[in-house]
Amino acid sequence: MSVLNRGGSDDNALYRNNGGGSFSDEVNAAGVNISSINEAMAWADYDLDGDLDFFVARRAGGQSQELLQNDGDGTFTQADVASEITSDDGGYGAAWGDYDNDGDFDLYIATDARANFLEQNDGDGTFTERGAFAGVQAGVEIGFAPVWGDYDADGDLDLFVSSATGSTDRLFQNNGDGTFTDVSATLGLNFTGDSRGANWVDYDGDGDLDLYVSVNGASNFLYQSDLSPDTSTFFVVDVRGTGGSQDQGGITLSLFDGGTRIATRQNHGGGGCYGSQNVIPVHFYALNPSTSYTLRVPYPDNTTVDYALGTPDGSSVTVIQRGVGVL
């Protein structure tokens, strides 16, 4: 568990679970005690080496955002310069998601500088900024909580960004070609106020993603989706530890049709959103009703385990890590 401090000079914390109900703070030993006004962090295995790396959105002017690469030995290496994520605009929130469906995690950064960033993962440790090209850079003048979710159930990730007073919440629909269309006004999600936290969740259990948005100084919003996708076209996957008693956060999940990878998702959403909590179950949409799919789960020792999911039926599938497979 990691904890950021907004006080600038105050210590952050990285709590290692010792088992047996105790934790130890490893922030200094790991080399990640970042002194700044830190607003949000987002964990993901961006280099696909089996362990979790993390990004820190920093609001202090003139200080670059931080990308910390996991060395696999309990320490981290600062990688933002080498990876070419060097923005010094004030960051409020960030979210990892494979928006281009190429198998690795890309990063969206919401800032207070009238230009947000979409960092496309190049797959070699570097990133290319695509915000302007993709159509998601401008329009959210002060962005707080970016959240990825396939709201239209077409198989690729869309993007919602909450925004502060003077700006407008935005929902960007993924066009599947590297670009997005702003559909906020069309869908009635263009609230102009002081939105802070946000997250996608299927709260009514009908298979589609609903959206909750918290607002500073006013009532919050719960947007219910009426899409209700055909149950034969999606899975909902929940990964748990041996014994089935604990959700396993931060795991990269890849869905395969035979030897072909269909989609890659992370089971806590990949978000480092201002004032938000991620939801763990993963929805895989736009599947073939007659195809039997396999879920691939990686482990820190660089091994993988494949779990046979069968044909989609809209049910929630629980996968037990290192256990007996699918329940």
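Conventions used here
- Residues numbered from 1 in each chain as written.
- Predicted model: local features only at pLDDT ≥ 70, side-chain atom pairs only at ≥ 80, totals over all residues.
- Heavy atoms only, no water.
- Pairing = 2+ DSSP bridges.
- Helix = DSSP H or I, 4+ residues; strand = E, 2+ residues; numbered from the N terminus.
- Axes fitted to C-alpha atoms, helices over the stretch in contact; angles between N-to-C directions.
- Buried < 20%, exposed > 50% of the residue type's maximum accessible area, 1.4 Å probe, protein only.

Visitor: I'd love a proper account of the sheet that holds strand 20 (residues 252-257), names of residues and values included.
Guide: In space, the four strands of this open sheet follow the order 21-20-24-25, with antiparallel pairing throughout. Lying at the two open borders of the sheet, with one neighbouring strand each, are strand 21 (260-266) and strand 25 (304-310). Taken over all neighbouring pairs, the strand axes of this sheet differ in orientation by 25° on average, direction set aside. In this sheet, strand 25 lies alongside strand 24 (residues 293-298) in antiparallel orientation, the contact comprising six bridges. Bridge assignment links Leu295 to a residue of strand 25, and that residue is Tyr307.

Visitor: Which residues make up the sheet that holds strand 15 (residues 180-182), and what are the values?
Guide: Within the open sheet, the four strands sit side by side as 12-13-14-15. Their pairing is antiparallel. Strands at the two margins of the open sheet, each flanked by one partner only, are strand 12 (143-149) and strand 15. Ignoring strand direction, the axes of neighbouring strands in this sheet form an average angle of 20°. With three bridges joining them, strand 13 (residues 158-163) and strand 14 (residues 170-174) adopt antiparallel strand pairing. By the bridge assignment, Leu159 is partnered in strand 14 with Phe172.

Visitor: Please provide a residue-by-residue account of the pairing of strand 9 (residues 106-111), values included.
Guide: The buried count for strand 9 comes to six of six residues, which makes it a mostly enclosed element. Because side chains alternate across strand 9, one face comprises the buried residues Asp106, Tyr108 and Ala110, and the other comprises Leu107, Ile109 and Thr111, equally buried. Pairing geometry for strand 8 (residues 91-97) and strand 9, over six bridges, is antiparallel. Following the sheet pairing, Trp96 is matched in strand 9 by Leu107. Two elements, strand 9 and strand 10 (residues 117-121), share three bridges in a ladder whose sense is antiparallel. By the bridge assignment, Leu107 is partnered in strand 10 with Glu119.

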